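Read off the chains here:
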Protein chains: 2
Amino acid sequence: MAERKREKSWQAGPVRIRVTLPGEPAAAPKERLTVDRIVDAAMGLMAEQGYDAVSMRSLAKALDTGPASLYAHVANKEEVDQLVLDRISAELVVPAPDPEHWDEQLRQVLRDMLALYRRHPGSARAAIGMIPSGMGALRTMEGLLAICDAGGISPQASAWFCDLAAAYVSAIAVEEAIWMQRANSTPPGAEPDHTAIDEQLRAMMEALPAAEFPLVTSMAGVMTAGDGDDRFEFGIAVLVAGLRAVSDTYR
Amino acid sequence: MAERKREKSWQAGPVRIRVTLPGEPAAAPKERLTVDRIVDAAMGLMAEQGYDAVSMRSLAKALDTGPASLYAHVANKEEVDQLVLDRISAELVVPAPDPEHWDEQLRQVLRDMLALYRRHPGSARAAIGMIPSGMGALRTMEGLLAICDAGGISPQASAWFCDLAAAYVSAIAVEEAIWMQRANSTPPGAEPDHTAIDEQLRAMMEALPAAEFPLVTSMAGVMTAGDGDDRFEFGIAVLVAGLRAVSDTYR
DNA sequence: ACCTGAACACCGTTCAAGT
DNA sequence: ACCTGAACACCGTTCAAGT
């Protein structure tokens, strides 16, 4: 880690020569703080220890300074979150629209969005309540609109669908992130262990008074069936089928 | 407030007689701490100042004790959130299923869920990542399953739809709550001022390079159209129509 | 059994001072 | 222009001590 820092400091910027006197321990030539380095550190902390581990103070420590130094480069923690999301969303590629397969394309983009959140554990938590105004998010929107258009979906329905889909995917991602953190000692990044929690949940539902909860008790199995992917696949199937069904009434 | 406390302390529990010596200032006879009073205080703080204003410390201050005292009645902050949600969810009434109007009934329950979150500002934030295991949430599930069943929806689709719907509604509610808090000085509780934010967002989209963002720029108007209710109405229309369309493939 | 004060290990943000 | 130390006003939780 410290090794990588030193390398970079030789690559970037004007060369800074440092004379190390014989006895003196080779003090790490402190690299200048930049927005990019702050974002790098934030993503690293998130990936390793989850969203809650990212604070202005932990960030500063990771960058080997005090928290106050960060404020010369970012306005506040919210801006850090925004920047992290911008960086991440650049990874998503939306395919050119194919009118024959617009619905499968739509579902695939939603799958890719969830995969993106999963690939960057903690990022979903940062996305809560964020208005997606970064270039990456806008590119994704443009792509989604193009696919909807190719599918003959009305503009109003397409536009609102972007909202709906983003809300759904991020909600699922946040849920997963929190479960993972709760089922602790699991390293963040892996998919949450649905089966373990579901087993408990199922037992709880079955133990409910059948008179008051006839359906929940009898359907406990089906309610806790499937892993995260199964449920997500159902979710995006509902969304896209619903969009098709509703499109004409929102012209 | 101190007045109300004194009243209650005379009503409930064994009578406690307090002799006040002439010169002594009439010290408020401190009411015993209970889980209910903690939940009351939490809901009050949330309603008045939003979710972030509820901390174990602010809660303790509102109850006129130190934070440590709370831990005799609740395990931690998460349990407080859980208890608040349990309390709130008891307010939701799910109608008896009417096979003729199952889809409208479903949409109405989702509307009521959002209304519930709005009526208790901050509650949506508490719901993030919470597994709905309280009695209120389970009753709501039972009701939703009954309506789906009346509509001929397959059990697997019904079960997963409960998840999907809950995720969507709470995501919207959280979004609204955060926007409201950001558009500060607005008292929590009212609907967020969509028009103001959307005007800005629309201008931003229209200012984008048209070559790279042909659809976003040309559809800026339609993308920012409608208030929260319009968008939510679209969302639940998509959800319910999608459920109908997809039901048979999930048997 | 319930409550308390004090402490521990944290937060985000600001600001005067340094280089 | 950029960085720093120190401070301000907070967090959740624990724990020994009191009643």
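Thresholds, definitions, all that
Residues numbered from 1 in each chain as written. Chains lettered and ligands numbered in written order. Predicted model: local features only at pLDDT ≥ 70, side-chain atom pairs only at ≥ 80, totals over all residues. Heavy atoms only, no water. Helix = DSSP H or I, 4+ residues; strand = E, 2+ residues; numbered from the N terminus. Polar contact = N/O pair within 3.5 Å; in protein donor to acceptor, adjacent residues only side chain to side chain. Contact = heavy atoms within 4.5 Å. Salt bridge = Lys/Arg side-chain N within 4 Å of Asp/Glu carboxyl O. Buried < 20%, exposed > 50% of the residue type's maximum accessible area, 1.4 Å probe, protein only. Buried area = accessible area lost by both parts, 1.4 Å probe. UniProt positions renumbered as here; feature names shortened; annotations may be inferred. Near = heavy atom within 4 Å. Nonpolar A, V, L, I, M, F, W, Y, C, P; charged D, E, K, R; others polar. 1 Å grid on protein atoms, 1.4 Å probe; cavity = no way out; pocket = protein on both sides within 12 Å on 5 of 7 lines; lining within 4 Å. Points joined across faces, edges and corners; volume = space filled by probe spheres on them.

A.B. asks: Before we move on, could you go through the side chain of serine 123 of chain B and cite the residues and values that matter?
C.D. replies: Residue and element names in this part refer to chain B. Looking at the secondary structure, you find serine 123 in helix H7 (residues 123-127). Side-chain polar atoms of serine 123 contact the backbone oxygen of histidine 120, separated by 2.7 Å. Residues within four places of serine 123 in sequence aside, it is in contact with Met46, Leu85, Ile88 and Tyr117.

A.B. asks: Go over the pattern of salt bridges, please, and point to the residues and values.
C.D. replies: Within this structure, the stated rule accounts for 30 salt bridges over all chains. Note that aspartate 40 of chain A and arginine 87 of chain A form a salt bridge whose closest N and O atoms lie 3.0 Å from each other. Here the residue aspartate 40 of chain A occupies a position in helix H2 (residues 35-49), and arginine 87 of chain A occupies one in helix H5 (residues 77-89), the gap between them amounting to 47 residues. With a closest N to O distance of 2.8 Å, glutamate 176 of chain B and arginine 118 of chain B form a salt bridge. With glutamate 176 of chain B in helix H9 (residues 155-182) and arginine 118 of chain B in helix H6 (residues 102-119), this residue pair connects regions lying 58 residues apart in the sequence. Judged by relative accessible area, which is 7%, glutamate 176 of chain B ranks as buried.

A.B. asks: Requested: an account of the interface of chain B and chain A, with residues and values cited.
C.D. replies: At the interface, 59 residues of chain B touch 59 residues of chain A. Across the chain B/chain A interface, buried area totals approximately 5,100 Å², and carbon plus sulfur atoms make up 78% of it. The largest per-residue losses of area from chain B upon contact with chain A belong to Glu142, Trp160 and Phe234 of chain B, which jointly make up 14% of the total buried on that side. Applying the counting criterion to the chain B and chain A interface returns 2 salt bridges. Its salt-bridge partner being aspartate 163 of chain A, residue arginine 231 of chain B comes within 2.4 Å of it at the nearest N-O pair. Counting across the chain B and chain A interface gives 10 residue pairs in polar contact (both at pLDDT 80 or more). Top contributing element to the side of chain B that touches chain A by residue count: H9 of chain B, with 18 residues.

A.B. asks: Which residues make up the UniProt feature "DNA-binding region" (unreviewed entry) in chain A, and what values go with them?
C.D. replies: Within the UniProt annotation, "DNA-binding region" (unreviewed entry) is assigned to residues 55-74 of chain A. Structurally, residues 55-74 of chain A is divided into 55% helix and 0% strand, and its ends, taken at the C-alpha atoms, are 13 Å apart.

A.B. asks: Can you explain the environment of glutamate 212 of chain B? Please cite residues and give values.
C.D. replies: Relative to the helices and strands, glutamate 212 of chain B is located in the loop between helix H10 (194-206) and helix H11 (214-218). Along the sequence, glutamate 212 of chain B and leucine 92 of chain B sit 120 residues apart, while their C-alpha atoms lie 47 Å from each other.

A.B. asks: Lay out the protein's contact with DNA strand C with the relevant residues and their values.
C.D. replies: Surrounding DNA strand C, one finds 16 residues, the nearest of these being Met56 and Arg57 of chain A together with Thr65, Ala68 and His73 of chain B. Interatomic distance of 2.9 Å between a side-chain N/O atom of tyrosine 71 of chain A and a phosphate oxygen of DNA strand C. In the environment of DNA strand C, a phosphate oxygen lies 2.9 Å from a nitrogen or oxygen atom belonging to the side chain of serine 69 of chain B. A class-by-class count of the residues in the surface near DNA strand C yields 6 nonpolar, 5 polar and 5 charged.

A.B. asks: Describe the layout of surface pockets, with residues and values.
C.D. replies: Its boundaries defined by the atoms lining it, the largest pocket holds a volume of some 760 Å³. Every residue lining the largest pocket is counted, 23 residues in all, and those nearest its centre are Arg125 and Ile128 of chain A together with Tyr51, Arg125 and Ile128 of chain B. Those elements that place two or more of their residues in the lining of the largest pocket are H5, helix H7 (123-127) and helix H9 (155-182) of chain A together with helix H5 (77-89), H7 and H9 of chain B. Here the lining of the largest pocket is built from residues that sort into 10 nonpolar, 2 polar and 11 charged. One number sums up the size of the second largest pocket: a volume of about 350 Å³. Lining the second largest pocket are 13 residues; nearest its centre among them are Glu78 and Ile131 of chain A together with Arg182, Ile197 and Gln200 of chain B. Within the residue set of the lining of the second largest pocket, elements represented by two or more residues are H5 of chain A together with H9 and H10 of chain B. Tallying contributions element by element places H10 of chain B first for the lining of the second largest pocket, with 4 residues. Of the residues in the lining of the second largest pocket, the class split is 7 nonpolar, 3 polar and 3 charged.

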